[in-house]
Amino acid sequence: MSVWILGGTVIDPGNGLDAPADVHIVHGRIAAVVPPGSVVPEPHDLVIPAGGLWVVPGLIDMHVHLREPGFEYKETIETGTRAAVAGGFTAVACMANTMPVNDSGAVTQFILERARLAGLARVYPIGAVTKGLQGAELAEIGEMREAGIVAVSDDGHPVQDGGIMRRALEYASMFGLPVIAHEEDRTLARGGVMNEGVWSFRLGLRGIPKAAEEAMVARDLAILEQTGGHLHIAHISTAGAVELVRRAKARGLNVTAEAAPHHFTLTEAAVAEYNTQAKMNPPLRTEEDLRAVREGLLDGTIDCIATDHAPHHADEKHCEFDLASNGIIGLETAVPLTLALARETGWSRMAMVAALSTNPARILGVPGGSLSVGAPADITIIDPEMPWILAEEELHSRSVNTPFLEWELRGRAVVTLVGGELKWRLGQPLARAEVGDKR
Amino acid sequence: MEFSRRHLLGLEGMPKEEILFLLDTAASFKEISDRDIKKVPTLRGKTVVAAFFEPSTRTRVSFEIAAKRMSADFVTLSAPASSAAKGETLLDTARNLSAMQPDALVIRHPSAGAAHLLARHLDCAVINAGDGAHEHPTQALLDLLTIRERKPQFEGLVVAIVGDILHSRVARSNLHALRAVGAEVRLAGPRTLLPRECAAFAFATTDVREAVRGADVVMVLRIQRERQVGNYIPSIEEYARYFCLREEHLAEAKPDVLVMHPGPLNRGVEIASSVADGPYSVILDQVRNGIAVRMAVLYLLLTGAREAMAATREQLQGIPAGKQRRVGR
């Protein structure tokens, strides 16, 4: 079976191509990228018209929480990968804070098996740095590597012990795995629930100072400088942290970083009226930080965009702000929010696609990120202009915790192909999961 | 004056006219408490439920007396002893109470924003009686009423608020209300309890003397022992050494300075006994005014009052418009 994507604009950072082109897919792999109209498809070929649309290497979200095993009431690997393909993502890397924690080859294998059964997006498990995310003893990183992990991270349970972080960087480097760090010094964060500043004072909520993030970034960079390895900084959120990474990169350190769409779209003011949909960790920061994250993306200090997709049940958000769970879903809003950023800042579409695809593929060392001939045909087709309103019913995630509900968005993934197979086509509903309803 | 508010959640953003209207209404209610029979039928048939998720005696009693002097039925739910202990969520508790069709729910809760949460989900009026470190609007209203009885013009008044600014809902409500009515606010406390962001709202200093210099009013906040555990202060004793309001501080204030405290007092900790009991102290006036303010808040929220003040007085029968009783010593 052969597939043609005709009449689109191919934006392929992997090959430095931004031009009108037709894409030919054979047996799940890219067979040709040719000037438009140069080949006529056979009658039985599947033809996807892409006039006015962008054809880009499949988007990769290197930071999601799929919640399975253990928290299937929030999300499953199936519902999460539905959300992924509907948002234009052909692959996601899922964090280890499941129950049981992904700190063993068995859990890694379970996740991969569930992903295979779901048959939607590719799923790359991220293993725990420490057993049970307890921050005390290294997990069996080698065993998990053999089972298929692509990175290690204690994400929401940042490694507080500098000595363990050092060993993790050293040990993981033996397997070529990046250590992904949620940078937060818990002794400074002290149970805070939002950014510390004018808004936390006004609302009477405990604040998380920026220093909690920046002190930890500084620590980990100092360790990295001494030990080597690959440090990847998750969801960078403060101007100071961006500057630390910028300087570290200038010194040649092997550090990479990601930013979440909410951190370049919203500020702490979104918490007004105790909006728990704006509660996340790291918290939404100030206008100055938002600008710094944008600048970091534009100048390449921040390598990629990752959503920190964090589904939570409605009951975990409809409660006192102090008690509400941290995080929002992100897979289905990343494309329009990133397009909005590009429109507002003049960011090139090539760099934007690189941040959503090529760079995360490089950081994780996974296939994808380019439309080279012979590569798996993981392809996203984006309508960069389509206006739409985010409605709860349209979300494919099992949870609906997002501050962007009812937002007027522009731009959307209209087709998602994984290994040449059509996984998402806007207007054609994905088959419903056999498992329960939302919330 | 229109009063179309459904809830009283906080004073931030409340316009001056509305604050003054609340104070006027409260002032007109004070007389009821001086009668032999301290009761008017105004809120007969209305039910007020007080849900207190934090220990409090005086605020609850004050609301209860206010409701009863207006003839409303008043029911108290002390939550730590009831559903919260059984693991019921705040929203479920509130929905259950709401199903019993009260007209108002008075809530005190340790989480900032708890009253906002209920207001979004319940049909009845929600009155915030203190939510975490956020606001305590009726406290600030009674403070303003007390100030206005002695110093009728807010414009240009200098009010120093001294103590644990970071954790104080009383400080926040007063800060917003006083600024709205045109007073100048100064904040003072130890650096650890006086976040830098305070400067966005008012002059802030760690020097009590500087805050009090030339002040018309000094509000002293209660310091809690937990602050020592949290390492905000090394000890209660050291706090007292630098921040206990003493007579020597008042020497720097206006000669007719008023000293206020929301209670309960920690004598010798944040306020010297000689100051608390001294001639400047209006602490007991605050308590008295608390009743009137809460009567006014219940009245305005429960009757959906849209009438002018004159009409308010008529309804109370026999309080001639314009004759306001001035309480003084």
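Model, not experiment: these values are computed from the prediction.

K.L.:
Can you help me understand the overall build of chain B in this one?
P.N.:
The helix and strand inventory of chain B stands at 13 helices and nine strands. Counting across all 329 residues of chain B, residues that qualify as buried make up 60%. Long-range pairs, those at least 24 residues apart, make up 74% of the contacts in chain B between residues at least 6 apart in sequence. Put simply, chain B shows about 13400 Å² of open surface, and 49% of that area lies on carbon and sulfur atoms.

K.L.:
Explanation requested: the overall build of chain A in the structure shown.
P.N.:
Of regular secondary structure, chain A possesses twelve helices and 18 strands. Within chain A, buried positions represent 63% of all 439 residues. About 15500 Å² of surface is accessible on chain A, with carbon and sulfur atoms providing 52% of the total. The distance from the centre of the 37 positive side-chain charges to the centre of the 56 negative ones in chain A is 1 Å.

K.L.:
Help me understand the environment of A:Thr380 in this model?
P.N.:
Residue and element names in this part refer to chain A. Inspection of the secondary structure puts Thr380 in strand 16 (residues 379-389). Under the relative-accessibility criterion, Thr380 is labelled buried at 0%. Taking C-alpha positions, Thr380 is 22 Å from Phe404, a pair spaced 24 residues apart along the chain. Other than its neighbours up to four places away in sequence, Thr380 contacts Trp54, Val55, Val56, Pro57, Gly58, Leu59, Gly88, Thr90, Ala413 and Val415. Engagement of the side chain of Thr380 in a polar contact is seen with the backbone nitrogen of Leu59, the distance being 3.3 Å. In this structure the side chain of Thr380 is engaged in a polar contact, spanning 2.7 Å, whose partner is the backbone oxygen of Gly88.

K.L.:
For this particular structure, what's the right way to read the interface of chain A and chain B?
P.N.:
Accessible area lost when the parts come together is the quantity often used to give the size of an interface. If you look at the interface, chain A gives 15 residues, while chain B gives 23 residues. Contact between chain A and chain B buries roughly 1600 Å² in total, counting both sides, with carbon and sulfur atoms accounting for 60%. For the pair chain A and chain B, the number of links is one salt bridge. Between A:Arg202 and B:Glu12 there is a salt bridge, and its shortest N-O distance comes to 2.5 Å. Run the count over chain A and chain B and you get six residue pairs in polar contact (both at pLDDT 80 or more). Among the residues making up the side of chain A that touches chain B, the classes are represented as seven nonpolar, three polar and five charged.

K.L.:
Mind showing me how you'd approach unusual backbone geometry here?
P.N.:
Trans peptide bonds make up most of the peptide bonds, and negative phi angles are found at most residues other than glycine. Cis rather than trans, the peptide bond between A:Glu68 and A:Pro69 has omega equal to 5°. The topology assignment puts A:Pro69 in the loop between strand 6 (59-64) and helix 1 (77-86). Residue B:Pro264 is reached from B:Gly263 by a cis peptide bond, and omega for that bond is -10°. Considering the arrangement of structural elements, one finds B:Pro264 in the loop between strand 9 (258-260) and helix 11 (273-276).

K.L.:
I tried to follow the sheet that holds strand 9 (residues 151-153) of chain A on my own but got confused; where do I start?
P.N.:
Residues and elements named next belong to chain A. A sheet is described by the order of its strands in space; here eight strands give the open sequence 6-7-8-9-10-13-14-15, paired in parallel fashion. Two strands bound the open sheet, and with one partner strand each, they are strand 6 and strand 15 (304-305). Pairing geometry for strand 10 (residues 179-181) and strand 13 (residues 231-233), over three bridges, is parallel. Its bridge partner lying in strand 13, Ala181 is registered against Ile233.

K.L.:
Please explain the sheet that holds strand 2 (residues 73-78) of chain B as it appears in this structure.
P.N.:
What holds strands together in a sheet is hydrogen bonding between their backbones, with the strands either parallel or antiparallel. Residue and element names in this part refer to chain B. In space, the four strands of this open sheet follow the order 2-1-3-4, with parallel pairing throughout. Every interior strand has two partners, whereas the edge strands, strand 2 and strand 4 (125-131), have only one. Across the sheet, the axes of successive neighbouring strands diverge by a mean angle of 15°, strand direction being ignored. When strand 3 (residues 104-109) meets strand 4, the two strands line up parallel, connected through five bridges. Counted as the bridge partner of Ile107 is Asn128 from strand 4.

K.L.:
Please clarify how helix 2 (residues 58-69) of chain B should be interpreted in this entry.
P.N.:
In an α-helix, one full turn covers 3.6 residues, which means residues spaced three or four apart are oriented alike. All names here are of chain B. In a regular helix each residue adds 1.5 Å, so twelve residues correspond to 16 Å; helix 2 covers 16 Å between its end C-alpha atoms and thus fits that length. All of the buried residues in helix 2 are Thr59, Arg60, Ser62, Phe63, Glu64, Ala66, Ala67 and Arg69. On its buried side, helix 2 packs onto strand 1 (47-52), strand 2, strand 3, strand 4, helix 5 (137-150) and helix 12 (283-302). Positive phi shows up at Ser71, right after helix 2, with a value of about 70°.

K.L.:
Quick question: what am I supposed to make of the packing of aromatic side chains here?
P.N.:
Two measures describe an aromatic ring pair: the distance that separates the ring centres and the angle between the ring planes. Residues and elements named next belong to chain B. As enumerated under the stated definition, the model contains six aromatic pairs over all chains in all. Their ring planes at 35° and their centres at 6.2 Å tell us that Phe3 and Phe21 sit as a pair that is tilted. One end of the pair, Phe3, is in the segment before helix 1 (16-29); the other, Phe21, is in helix 1, with 18 residues separating them in the sequence. Here Phe3 matches Phe21 in class, with each residue buried. Seen in terms of ring centroids, Phe29 and Tyr299 are 5.4 Å apart; in terms of plane orientation they differ by 85°. Their pairing is edge-to-face. One end of the pair, Phe29, is in helix 1; the other, Tyr299, is in helix 12, and 270 residues separate them in sequence.

K.L.:
Would you mind showing me how to read helix 1 of chain A here?
P.N.:
Residues and elements named next belong to chain A. Counting buried residues along helix 1, ten of its ten residues qualify, which places the element largely inside the surrounding structure. Taken as a whole, helix 1 has its buried residues at Ile77, Glu78, Thr79, Gly80, Thr81, Arg82, Ala83, Ala84, Val85 and Ala86. Downstream of helix 1 by a residue or two, Gly88 has a phi angle that is positive, lying close to 95°.

K.L.:
Teacher, can you tell me more about the pattern of salt bridges here?
P.N.:
Pairing is possible between side chains of opposite charge, provided their charged atoms come close. Residues and elements named next belong to chain B. A full pass over the atoms with the stated rule returns 44 salt bridges over all chains. A salt bridge links Arg150 to Asp285; the nearest nitrogen and oxygen atoms lie 2.9 Å apart. In this pair, Arg150 sits in helix 5 while Asp285 sits in helix 12, placing the two residues 135 residues apart along the sequence. Notably, a salt bridge pairs Arg227 with Asp164, separated by 2.8 Å at the nearest N-O pair. Here Arg227, found in helix 8 (residues 226-229), pairs with Asp164, found in the loop between strand 5 (158-162) and helix 6 (169-180); they are 63 residues apart in sequence, far enough to count as distant.

K.L.:
Sorry, what's going on with the packing of helix 3 (residues 90-99) of chain B against helix 4 (residues 114-121) of chain B here?
P.N.:
To characterise two packed helices, one gives the angle between the axes of the helices and the distance between these axes. Residue and element names in this part refer to chain B. Where helix 3 meets helix 4, the axes come as close as 10 Å, and the angle between the chain directions of the two elements is 50°. Considering their axes alone, helix 3 and helix 4 lie oblique with respect to each other. Where helix 3 crosses over helix 4, the handedness of that crossing is right-handed. Each of Leu90, Leu91, Ala94 and Arg95 in helix 3 lies in contact with helix 4, whose residues at this interface are Ala114, Leu117, Leu118 and His121. Looking at the contact of helix 3 with helix 4 residue by residue, the classes come out as six nonpolar, one polar and one charged.

K.L.:
Sorry, what's going on with the environment of B:Phe203 here?
P.N.:
Tracing the chain through its elements places B:Phe203 in strand 7 (residues 203-205). Taking the C-alpha atoms as reference points, B:Phe203 and B:Leu187, separated by 16 residues in sequence, lie 6.2 Å from one another.

K.L.:
Help me understand the pairing of strand 16 of chain A in this model?
P.N.:
The two faces of a sheet get side chains in turn, since along a regular strand they alternate between them. All names here are of chain A. Sheet analysis places strand 5 (residues 54-57) next to strand 16, joined by four bridges and oriented antiparallel. Note on strand 16: the bridge partner recorded for Val55 is Ile381. As paired elements, strand 16 and strand 17 (residues 408-418) share eight bridges and run antiparallel to each other. The residue bridging Ile379 from the neighbouring strand is Leu417, located in strand 17.

What counts as what
Residues numbered from 1 in each chain as written. Chains lettered and ligands numbered in written order. Predicted model: local features only at pLDDT ≥ 70, side-chain atom pairs only at ≥ 80, totals over all residues. Heavy atoms only, no water. Helix = DSSP H or I, 4+ residues; strand = E, 2+ residues; numbered from the N terminus. Buried < 20%, exposed > 50% of the residue type's maximum accessible area, 1.4 Å probe, protein only. Contact = heavy atoms within 4.5 Å. Areas by Shrake-Rupley, 256 points an atom, 1.4 Å probe, with all protein chains shown as cover. Lys, Arg positive; Asp, Glu negative; His and termini not counted. Charge placed at Lys NZ, Arg CZ, Asp CG, Glu CD. Polar contact = N/O pair within 3.5 Å; in protein donor to acceptor, adjacent residues only side chain to side chain. Buried area = accessible area lost by both parts, 1.4 Å probe. Salt bridge = Lys/Arg side-chain N within 4 Å of Asp/Glu carboxyl O. Nonpolar A, V, L, I, M, F, W, Y, C, P; charged D, E, K, R; others polar. Pairing = 2+ DSSP bridges. Axes fitted to C-alpha atoms, helices over the stretch in contact; angles between N-to-C directions. Expected span 1.5 Å × (residues − 1). Phe/Tyr/Trp six-rings, centres within 6.5 Å; stacked < 30°, edge-to-face > 60°. Parallel < 35°, antiparallel > 145°, perpendicular 65-115°, else oblique. Left-handed = near helix turned anticlockwise from the far one by under 90°.

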